[in-house]
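Chain residues, written in single-letter form:
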Amino acid sequence: MKIFNQLALILGVWAIGEYISSFIQNIVVIPGSIIGMVLLFILLQFKVIKLERVNEISDFFLDNMAIFFIPAGVSLINSLNLIIDNIFVLIVSIVISTAMVMYITGIVVEKMIQKKIKES
């Protein structure tokens with residue numbers, strides 16, 4: 001019964017995120033699941049929801065995360081012709097975005113290390 005309560009809590013936050021998303025879709029389009037995750041994060045940070053209330057079901061979802069990528073993989077296989085037609089653009093985008101992420105991550109880590117050294 002505890003698992004069902006945790007699942008209901010997570011689904012409730014997701015549903016609120018979907019509602020907020022439909023409410024603001026004329027202003028900005030943000031998926032409801034993303035809004036729900038941000039909302040759950042905020043609720044956990046401000047201790048409105050205690051971690052123990054969602055811990056078991058979230059561990060289950062994290063342990064079985066690979067299952068949730070199966071539909072995306074099937075969709076990629078169905079879109080193989082589109083991928084082949086745009087392979088050059090995809091490869092360039094992947095290389096540039098990966099380099100940018102690595103560079104920005106390095107800068108952020110360096111700044112965090114310098115800040116920690118100054119605090120010590």
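Residues numbered from 1 in each chain as written. Predicted model: local features only at pLDDT ≥ 70, side-chain atom pairs only at ≥ 80, totals over all residues. Heavy atoms only, no water.

By the naming in an unreviewed UniProt entry, the protein chain goes by Antiholin-like protein LrgA and is assigned to bioreactor metagenome. Under the heading Subcellular location (unreviewed entry), UniProt records this for the protein chain: "Cell membrane". (UniProt positions renumbered as here; feature names shortened; annotations may be inferred.)

Enquirer: I'd like a rundown of the nonpolar core, residues and numbers included.
Expert: Across soluble globular proteins, nonpolar side chains have a tendency to be buried as a group. Core analysis: the biggest nonpolar cluster contains 7 residues, these being Leu9, Ile10, Val13, Leu40, Ile49, Val54 and Ile57. It is helix α1 (residues 2-24) that contributes the most residues to this core, 3 residues altogether. Once you skip the residues sitting within four places of it in the chain, Leu40 turns out to touch Val13 and Ile49. (Core = buried A, V, L, I, M, F, W, Y, C linked by side-chain atoms within 4.5 Å. Buried < 20%, exposed > 50% of the residue type's maximum accessible area, 1.4 Å probe, protein only. Helix = DSSP H or I, 4+ residues; strand = E, 2+ residues; numbered from the N terminus. Contact = heavy atoms within 4.5 Å.)

Enquirer: So what about the environment of Val108? Which residues, and what values?
Expert: Mapping Val108 onto the fold places it in helix α7 (residues 87-119). Using a relative accessible area of 42% as the deciding quantity, one classes Val108 as partly exposed. Along the sequence, Val108 and Val92 sit 16 residues apart, while their C-alpha atoms lie 24 Å from each other.

Enquirer: Summarise the UniProt feature "transmembrane region" (unreviewed entry) in the protein chain; cite the residues concerned and give the values.
Expert: Under the present numbering, the feature "transmembrane region" (unreviewed entry) in UniProt falls on residues 7-24, 30-49, 61-81 and 87-109. As annotated, residues 7-24 comprises 100% helix and 0% strand, and the C-alpha atoms at either end are separated by 26 Å. Between the C-alpha atoms that bound residues 30-49 there is a distance of 23 Å. The span itself is 70% helix and 0% strand.

Enquirer: I'd like to hear about the side chain of Ser21, residue by residue, with values.
Expert: Along the chain, the position of Ser21 falls in helix α1. Among all residues touching Ser21, those that are not within four sequence positions of it are Ile30, Pro31, Gly32 and Ile35.

Enquirer: Explain the layout of surface pockets residue by residue, including any values.
Expert: Roughly 530 Å³ of internal volume is contained in the largest pocket. Lining the largest pocket are 18 residues, with Ile10, Ser33, Met37, Leu40 and Phe61 sitting closest to its centre. When residues of the lining of the largest pocket are traced back to their parent elements, those giving at least two are α1, α2 (32-45), α3 (55-63) and α4 (65-68). In the lining of the largest pocket, the residues fall into 15 nonpolar, 3 polar and no charged. (1 Å grid on protein atoms, 1.4 Å probe; cavity = no way out; pocket = protein on both sides within 12 Å on 5 of 7 lines; lining within 4 Å. Points joined across faces, edges and corners; volume = space filled by probe spheres on them. Nonpolar A, V, L, I, M, F, W, Y, C, P; charged D, E, K, R; others polar.)

Enquirer: Outline the pattern of salt bridges, supporting the account with residue identities and numerical values.
Expert: A complete count under the given rule lists 1 salt bridge for this structure. The partner of Lys2 in a salt bridge is Glu56, and the shortest N-O contact between them spans 3.1 Å. Residue Lys2 is located in helix α1, and its partner Glu56 is located in helix α3; the two are separated by 54 residues in the primary sequence. Exposure remark for Glu56: the relative accessible area of 38% places this residue in the partly exposed category. (Salt bridge = Lys/Arg side-chain N within 4 Å of Asp/Glu carboxyl O.)

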